Every structure is written in C-alpha cells, then in structure tokens.
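Here's the letter readout for the chains.
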Amino acid sequence: MKALRRPARAVLSACVLLSAATVHAGPVITYGFETEDDLVTPLSHGQIVDPAFDAPGFSEFGTIFNVSSDVIGSDGHIGVTVFDSDLSGTLDPDLEVGTGNILILQNDDTPSRTGDFYDGPNDEANLNDAGSIIFDFLFPLEPLGITVVDANGGYFGTVTLTDENGLTRVYDIPSQWTTDVTVNLVGYQELDLTTLANQPSEPLAAGGDATATEDAGYDPTRVVQLKFSLIGVQGGTSSGGIDSLRLRIPEPASALLVGLAACGLAARRRR
C-alpha cells in the first residue's frame, strides 16, 4: 500500500505550496502525530518515520514538513519512531502519558524490526546515544508550541528554531522540567515557542525554568526548521519524546485548509 505514496505525496505537496504562496497570518494546526502530515494517513506504534532508517519506498512526511534526525552522542540512536503513549505494558512505562502518539529516538539496544516498524518501541536512555528530531518546513511558518514528554532525571534538551535568514531562537529545557508519569501521573508539558520569558517546570517537577535567547532580527513568523535535541548530562539520560506540535500556517487560510482536505481525500482514493 505505502509504495503508492510518492505520487500522492507530490500532489499534496504541490497543493500546500500553492496555498501557502501568500504569507499572512493564518490558521493554527495542532499536529499530534496521529497521522502523517497529509492529516489523513494514520501513524501506528513502532512506525519508523526517519528517512535514514525507513524501509525502501516508505515516506510518511513531505506535505507540511520533512522529519529527520542527527546524532550528538558517540554511539547513536536508530531513528525517529512513533510511540503510542495510550498503551500500557510497553518497554518504557514513563512514556505512557496518555496523549496518543508521540515521537521518540529509537533505542539502538532494541533494533528488531518488521518492515517499517520496530518490534519494541523504546526511547534512548544514555548520554552517548543523544540526538535530535528535526523538522524542516516546506514553507516558512510560525511554530507556536511543542509538548515535551518525560523530561526528568538526567535529561536536558534544547529546541532551536531557525528562520529563513539563518537566525535562531533557542530554548533550553532543564533536567526535571516534567515529572515521571510513573511517579506523579503527569509526565509532560507544553513549551511555548512564542515567548522569550522563563517558563516554569511542571508544578510537581523539581527542575528550574526553561529559558530562551534569540539572534537580533530573528523572525518568528518565517521559521524553516525546528530542531528538538535530547542531550542529557554525564551520568544521566537522553530519553524523552515530543507531542502536539502547534503551527500557524500562512494565509490564505481558506485555500490551504480546503486544499489539504481535497488533496488528502485524493491521496486516500489513490491508495
């Protein structure tokens, strides 16, 4: 089935790019990783969505953004993977936060896979496996927020937004910015990407504030890349995940939303 995605994806991309030609403020989409970025095709637990690790012929994104990863540590993860946080009894209970699908960096200690799926989805847990989940947007837009999952223990991370001129805004997320869901029954919190103000940790968490800095002249409405880096500290972890990426899409809003719906329906019919 998925081998037919590429022609449909080209149609979807063309529709979105044409709709996004005018760049005034537009509608907000909260993208929760329940579907591909065509907003139609479902994503499932364990599904590999990183082109560097995908099975040949598979492509989950390319309508609003592309997803990839990098390696920061000396060893390395094995790509961006979907984890269904509504499940119980998984390999990683502290990701079972009940918000639906999230994205993680798959642990290289559990590499067994069947086609386009890892058999045991599990996030990385060691400093030498640290890395980033990277979103490259197909047109400049405004990121509004992203939900951080399981930012506890020895974890810390950054979110780097890069505008079309290469200028950046960087958010530093401290260790224990969220709780562990197995202890305090929350385990996640949204990071506001529209402000430079300090953002306190989850109320029951022991961490400090998330802080932000930006280059002079940075344009928050013309962002072309979002990089979420799970770094960790010596003796700690680089585990965790992300959910609910909120994006303001450029106008014309009506053309874009109608175009997404129409193209999504066309792609579904093609499949």
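All figures in this text were calculated on a predicted structure; none of them were measured in a lab. (Residues numbered from 1 in each chain as written. Predicted model: local features only at pLDDT ≥ 70, side-chain atom pairs only at ≥ 80, totals over all residues. Heavy atoms only, no water.)

### So, the overall build of the chain
Right, so step 1: The helix and strand tally for the chain stands at three helices and 13 strands.
Right, so step 2: Out of the 271 residues belonging to the chain, those deemed buried represent 54%.
Right, so step 3: Sequence separation of at least 24 residues holds for 73% of the intrachain contacts in the chain that already meet a minimum separation of 6.
Right, so step 4: Of the accessible surface of the chain, which amounts to about 10600 Å², a share of 56% is contributed by carbon and sulfur atoms. (Helix = DSSP H or I, 4+ residues; strand = E, 2+ residues; numbered from the N terminus. Buried < 20%, exposed > 50% of the residue type's maximum accessible area, 1.4 Å probe, protein only. Contact = heavy atoms within 4.5 Å. Areas by Shrake-Rupley, 256 points an atom, 1.4 Å probe, with all protein chains shown as cover.)

### Considering unusual backbone geometry
Right, so step 1: The backbone phi angle of Phe33 is positive, close to 65°, even though this residue is not glycine.
Right, so step 2: Despite not being glycine, Gln176 has its phi angle at roughly 65°, a positive value.
Right, so step 3: As for its placement among the helices and strands, Gln176 is situated in the loop between strand S9 (168-173) and helix H2 (181-184).

### A few points about the nonpolar core
Right, so step 1: With 39 residues, the main nonpolar core has Phe65, Leu103, Phe135, Val159, Leu191 and Leu226 as its most contacted residues.
Right, so step 2: It is strand S7 (residues 131-149) that contributes the most residues to this core, seven residues altogether.
Right, so step 3: With near-sequence residues (within four places) excluded, Phe65 lies in contact with Tyr31, Asp37, Phe135, Asp136, Phe137, Leu138 and Leu247.
Right, so step 4: By size, the runner-up hydrophobic cluster in this structure holds seven residues, among which are Leu95, Val97, Ile102 and Val149. (Core = buried A, V, L, I, M, F, W, Y, C linked by side-chain atoms within 4.5 Å.)

### Brief notes about the confidence of the model for the chain
Right, so step 1: Of the residues in the chain, 80% reach a pLDDT of 70 or more, and the chain-wide mean stands at 82.
Right, so step 2: Taking the mean pLDDT of every element in the chain, the minimum, 40, falls on helix H1 (residues 5-19) and the maximum, 98, on strand S11 (residues 211-214).
Right, so step 3: Overall, residues 1-23 carries pLDDT values under 50, and its contacts beyond four positions in sequence, including any with other chains, amount to 60 contacts.
Right, so step 4: Taken together, the stretch residues 264-271 has pLDDT below 50 and engages in 15 contacts with residues farther than four places along the chain or on a different chain. (pLDDT = per-residue confidence, 0-100.)

### Topic: the side chain of Thr41
Right, so step 1: Here Thr41 shows up in the loop between strand S1 (28-31) and strand S2 (65-71).
Right, so step 2: Of the polar contacts made by the side chain of Thr41, one reaches the side chain of Asp38; its length is 2.7 Å. (Polar contact = N/O pair within 3.5 Å; in protein donor to acceptor, adjacent residues only side chain to side chain.)

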